[in-house]
Amino acid sequence: LSPQVRLSREGAVAGYGMVAAEELAAGELVLSVPRSALLSQHNCGIRGLLREAQESLQSPSGWVPLLLALLHEYTASDSPWKPYFSLWEDFKSLDHPMFWPEEERTRLLQGTGIPEAVEKDLANIHLEYSSIILPFMQSHPDIFDPKVHTLELYKQLVAFVMAYSFQEPLEEEDEDEKGPNPPMMVPVADILNHVANHNANLEYSPQCLRMVTTQPVSKGQEIFNTYGQMANWQLLHMYGFAEPYPGNTNDTADIQMVTVRRAALQR
């Protein structure tokens, strides 16, 4: 962590954030995370088991191996990631619409596409847990206990991956042949908040991941990463927040084809 920045609740738009302790120029390194500190399916205490079972752990989301790694590390008393998880002791800070009462979600978010997306998420979570996660846990009773590693904890960890994970971009020559890289957790880098007009960016190198400023930052100003070019409905669905109007230059409204068809038929 650069001595020119600090991690703090003060001066951040939400929860923790990174704030400039000194003036920063564009192109300055503010933090680097060695690949050995990344929490992924390839770097956890059960990586051997996950490698052996990779065929049976395939799913449309591609998240199951990471979620099993998180289930194990979150509840293992000797996990090296214990201090990392202590930031989210009970995941109560996750405010995704999937945790809202259904009536509230429908009433407040009707027309945004979020209620439909959440219904799909919840159906996939139940299906993955019952058809992939439970059988895997039952075949490894020395490591997993369905009374501890519950569906509710699994759902919370799905939201955790949604809000805090990173996916390394593929090299251009791999884009046509491979699916996207599996998600991974990047301690410290995931504390940075997002705005469309961000002033820092994550760079990937063979040894580490580096957060670098993309424009000058004044002392006391928050340093923002980008989670991608995302509309407010996508931010609310995936991360549990939206950018105040008119800050989000990537905002869009999605109109479902069934609505277009209905309008056309009325004409």
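Up top you'll find the structure we're talking about.
Heads up: these notes are all about the structure in this document. (Residues numbered from 1 in each chain as written. Predicted model: local features only at pLDDT ≥ 70, side-chain atom pairs only at ≥ 80, totals over all residues. Heavy atoms only, no water.)

For the rest of this paragraph, the subject is the sheet that holds strand S7 (residues 208–213). Strand order in this open sheet of three strands is S3-S7-S6, and the pairing throughout is antiparallel. Every other strand in the sheet has two partners, leaving strand S3 (29–34) and strand S6 (200–204) as the edge strands with one partner each. If you compare each strand with its neighbour and ignore which way they point, the axes differ by 20° on average. Where S6 lies against S7, five bridges are found, and the strand directions are antiparallel. (Pairing = 2+ DSSP bridges. Helix = DSSP H or I, 4+ residues; strand = E, 2+ residues; numbered from the N terminus. Axes fitted to C-alpha atoms, helices over the stretch in contact; angles between N-to-C directions.)

For the rest of this paragraph, the subject is the pattern of salt bridges. Pairs may arise between side chains of opposite charge once their charged atoms sit close together. A full pass over the atoms with the stated rule returns four salt bridges. Its salt-bridge partner being glutamate 168, residue arginine 35 comes within 2.9 Å of it at the nearest N-O pair. Of the two residues, arginine 35 is situated in the loop between S3 and helix H1 (47–52) and glutamate 168 in the loop between strand S4 (165–166) and strand S5 (184–185); the sequence distance between them amounts to 133 residues. Accessibility expressed as a relative area gives 24% for arginine 35, which makes it partly exposed. (Salt bridge = Lys/Arg side-chain N within 4 Å of Asp/Glu carboxyl O. Buried < 20%, exposed > 50% of the residue type's maximum accessible area, 1.4 Å probe, protein only.)

The next point concerns helix H5 (residues 114–138). Because each turn of an α-helix spans 3.6 residues, side chains separated by three or four positions end up pointing in the same direction. Taking 1.5 Å per residue, 25 residues should reach 36 Å; H5 reaches 34 Å between its end C-alpha atoms and fits that length. The axis of H5 is deflected most strongly, by about 40°, at tyrosine 129. (Expected span 1.5 Å × (residues − 1). Bend = angle between axes of the 7 residues up to and from the residue.)

As a further point, take the nonpolar core. Within the largest apolar cluster, 46 residues are counted, with the highest numbers of intra-cluster contacts made by Leu68, Leu70, Tyr154 and Phe160. Sorting the residues of this core by element identifies helix H2 (64–75), helix H3 (82–85), H5, helix H6 (151–164) and helix H7 (232–239) as the ones contributing at least two each. For this core, the element with the most residues is H5, which contributes nine residues. Excluding residues within four positions of it along the chain, leucine 68 makes contact with Ile46, Leu50, Leu57, Ile133, Phe136 and Phe144. Listed in part, the 19 residues of the second largest apolar core include Val5, Leu24, Val186 and Leu192. (Core = buried A, V, L, I, M, F, W, Y, C linked by side-chain atoms within 4.5 Å. Contact = heavy atoms within 4.5 Å.)

You can see histidine 42 is positioned in the loop between S3 and H1. According to the relative accessible area criterion, histidine 42 is exposed, its value standing at 57%. Expressed as a C-alpha distance, the spacing of histidine 42 and methionine 184, which sit 142 residues apart in the sequence, is 9.3 Å. Discounting residues that sit within four places of it in the chain, histidine 42 has contacts with Arg47 and Pro182.

A separate point is the packing of aromatic side chains. If you walk through the whole model with that rule in mind, you get 15 aromatic pairs. Ring plane angle 35° and centroid distance 4.7 Å describe the contact between tyrosine 227 and tyrosine 239, whose orientation is recorded as tilted. Taken together, the residues span a long stretch of sequence, with tyrosine 227 in the loop between strand S8 (222–223) and H7 and tyrosine 239 in helix H7 at a distance of 12 residues. With relative accessibility at 23%, the residue tyrosine 227 sits in the partly exposed group. Residue class for tyrosine 239 comes out buried when judged on its relative accessible area of 16%. Plain terms: the ring middles of tyrosine 227 and phenylalanine 241 are 6.4 Å apart, the flat faces sit at 75° to each other, and that makes the pair edge-to-face. One end of the pair, tyrosine 227, is in the loop between S8 and H7; the other, phenylalanine 241, is in the loop between H7 and helix H8 (257–266), with 14 residues separating them in the sequence. (Phe/Tyr/Trp six-rings, centres within 6.5 Å; stacked < 30°, edge-to-face > 60°.)

Taken together, Leu1, Leu7 and Val188 make up a surface patch of nonpolar side chains, about 230 Å² in accessible area. Positionally, leucine 1 belongs in the segment before strand S1 (5–8). Under the relative-accessibility criterion, leucine 1 is labelled exposed at 57%. (Patch = residues over 30% accessible without salt bridge, like charges linked within 9 Å, V, L, I, M, F, W, Y side chains within 5 Å. Areas by Shrake-Rupley, 256 points an atom, 1.4 Å probe, with all protein chains shown as cover.)

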